[in-house]
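Read off the chains here:
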Amino acid sequence: MRDEMYSVEQVADRLGLHVRTVRRYVRGGKLRAVRIGKQYRISAADLDALVGRPDPAAGRRTGGGAVEVSSIVQIDGVDRAAADRLGTLVLANVNGTGDPDRPLRVQTVHDDERDRMKIVILGGAAATADVLRLVEAVLDGDSGLLTAGEAGRG
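In this text the structure is predicted, and so the values were computed from the model without any measurement.

A.B. asks: Help me understand the overall build of the protein chain in this model?
C.D. replies: A count of helical and extended segments in the protein chain gives 6 helices and 7 strands. Reading the secondary structure of the protein chain in the N-to-C direction produces β-α-α-β-β-α-α-β-α-β-β-α-β. Of all 154 residues assigned to the protein chain, the portion counted as buried reaches 28%. The long-range fraction of contacts in the protein chain, counting pairs at least 24 apart against all pairs at least 6 apart in sequence, stands at 61%. Summed over all atoms, the accessible surface of the protein chain reaches about 10,000 Å², with 49% contributed by carbon and sulfur.

Okay, structure coming up:
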C-alpha cells in the first residue's frame, strides 16, 4: 500500500491542473481527500483512482484481477414441476454456500410452450463451476429429481 499524501498544490502540479480545479474535485466528491487543519491531503491511492490507475493492493486482496463468468444452461424437455424442483435445488445450493464478498447470482426461467428451462449463472469461476457440476450430476444421475425421459440437454 502506498502511504504517500499530497497537497492540493502537488496534485495540481502532477496533473497539470489549476489548484482551484483540484479543490473543486475534492469538494464535489470526485477526488477523495482528508482535511488536516486548513489544508486537504490526498492519498496516492485516491489520486490513482481519480486518474484511473488500478489500486495494486486491490489485486492482492482478490488474488489477481477479478474474474466473472457468465453461463447459460439450457435444458430441453423439462416440464414446469421438474424445472421448479431443479431451480429450488440450485438456488438452495447457491444461497447456502459461497463468498459473501463475491456473491453468485443465479436466475432460472421456464418456457412452458417449449418445455425448456434456462439457468443463468453470473459469478466467480470456481463457484460457477460448482453449480454447473451440480446441474450435470442431477441431469446425469439417478437423483429422481427429473424422471427418465423428462429432460435432455440442449
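Now, onward.
A.B. asks: Whenever I open this one, the pairing of strand E3 (residues 39-43) confuses me. Can you help?
C.D. replies: Two faces make up the sheet, and in a regular strand the side chains alternate between them. Of the strand pairs in this sheet, strand E1 (residues 5-7) and E3 are connected by 3 bridges, and their pairing is antiparallel. Within the sheet, the bridge partner assigned to Ser 7 lies in E3 and is Arg 41. Looking at chain direction, strand E2 (residues 34-36) and E3 are connected through 3 bridges and run antiparallel. Its bridge partner lying in E3, Ile 36 is registered against Gln 39. Hairpin geometry of E2 and E3 is characterised by an intervening segment of 2 residues between the two adjacent antiparallel strands and by a positive phi of about 65 degrees at Gly 37.

A.B. asks: Which parts of the structure should I look at to understand unusual backbone geometry?
C.D. replies: The phi angle of most residues is negative, glycine excepted, and most peptide bonds adopt the trans form. The phi dihedral of Asp 115 is positive, around 50 degrees, even though this residue is not glycine. What makes Asp 115 partly exposed here is its relative accessible area of 33%.

A.B. asks: Looking at this structure, how should I read the sheet that holds E1?
C.D. replies: Note on sheets: strands pair through backbone hydrogen bonds, and any given pair is parallel or antiparallel. The sheet built from 3 strands is open, its strands ordered E1-E3-E2 with antiparallel pairing. The sheet terminates laterally at E1 and E2, the two strands that pair on one side only. Ignoring strand direction, the axes of neighbouring strands in this sheet form an average angle of 40 degrees. In the packing of helix H3 (residues 44-51) onto the sheet, contacts are made with E1 and E3, and the angle to E3 comes to roughly 75 degrees.

A.B. asks: In this structure, what is going on with helix H2 (residues 19-28)? I would like to understand it.
C.D. replies: Helical geometry note: an α-helix holds 3.6 residues per turn, so side chains three or four residues apart project in the same direction. Turning to H2, its buried residues number three or more, namely Thr 21, Val 22 and Val 26. Down the axis of H2, the buried side of the element spans an arc of 140 degrees, and every buried residue falls inside it. Opposite the packed face of H2, turned more than 90 degrees from it, sit the exposed residues Arg 20, Arg 24, Arg 27 and Gly 28. Where H2 is buried, its residues touch helix H1 (8-15) and E3.

A.B. asks: What's the story with the packing of H1 against H2 in this structure? I'm lost.
C.D. replies: In a pair of packed helices, the angle between the axes and the distance between the axes together describe the arrangement. Where H1 contacts H2, the axes come no closer than 8 Å and their chain directions differ by 110 degrees. Between H1 and H2, the crossing angle belongs to the class labelled roughly perpendicular. In this structure, the crossing between H1 and H2 has a hand that is right-handed. Mapping the contact onto sequence places Val 8, Glu 9, Val 11 and Ala 12 in H1 and Val 19, Val 22 and Arg 23 in H2. Each residue belonging to the contact of H1 with H2 can be placed in one class, and the counts come to 5 nonpolar, no polar and 2 charged.

What counts, and where the lines are drawn
- Residues numbered from 1 in each chain as written.
- Predicted model: local features only at pLDDT ≥ 70, side-chain atom pairs only at ≥ 80, totals over all residues.
- Heavy atoms only, no water.
- Helix = DSSP H or I, 4+ residues; strand = E, 2+ residues; numbered from the N terminus.
- Buried < 20%, exposed > 50% of the residue type's maximum accessible area, 1.4 Å probe, protein only.
- Contact = heavy atoms within 4.5 Å.
- Areas by Shrake-Rupley, 256 points an atom, 1.4 Å probe, with all protein chains shown as cover.
- Pairing = 2+ DSSP bridges.
- Axes fitted to C-alpha atoms, helices over the stretch in contact; angles between N-to-C directions.
- Arc of directions from axis to C-beta.
- Parallel < 35°, antiparallel > 145°, perpendicular 65-115°, else oblique.
- Left-handed = near helix turned anticlockwise from the far one by under 90°.
- Nonpolar A, V, L, I, M, F, W, Y, C, P; charged D, E, K, R; others polar.

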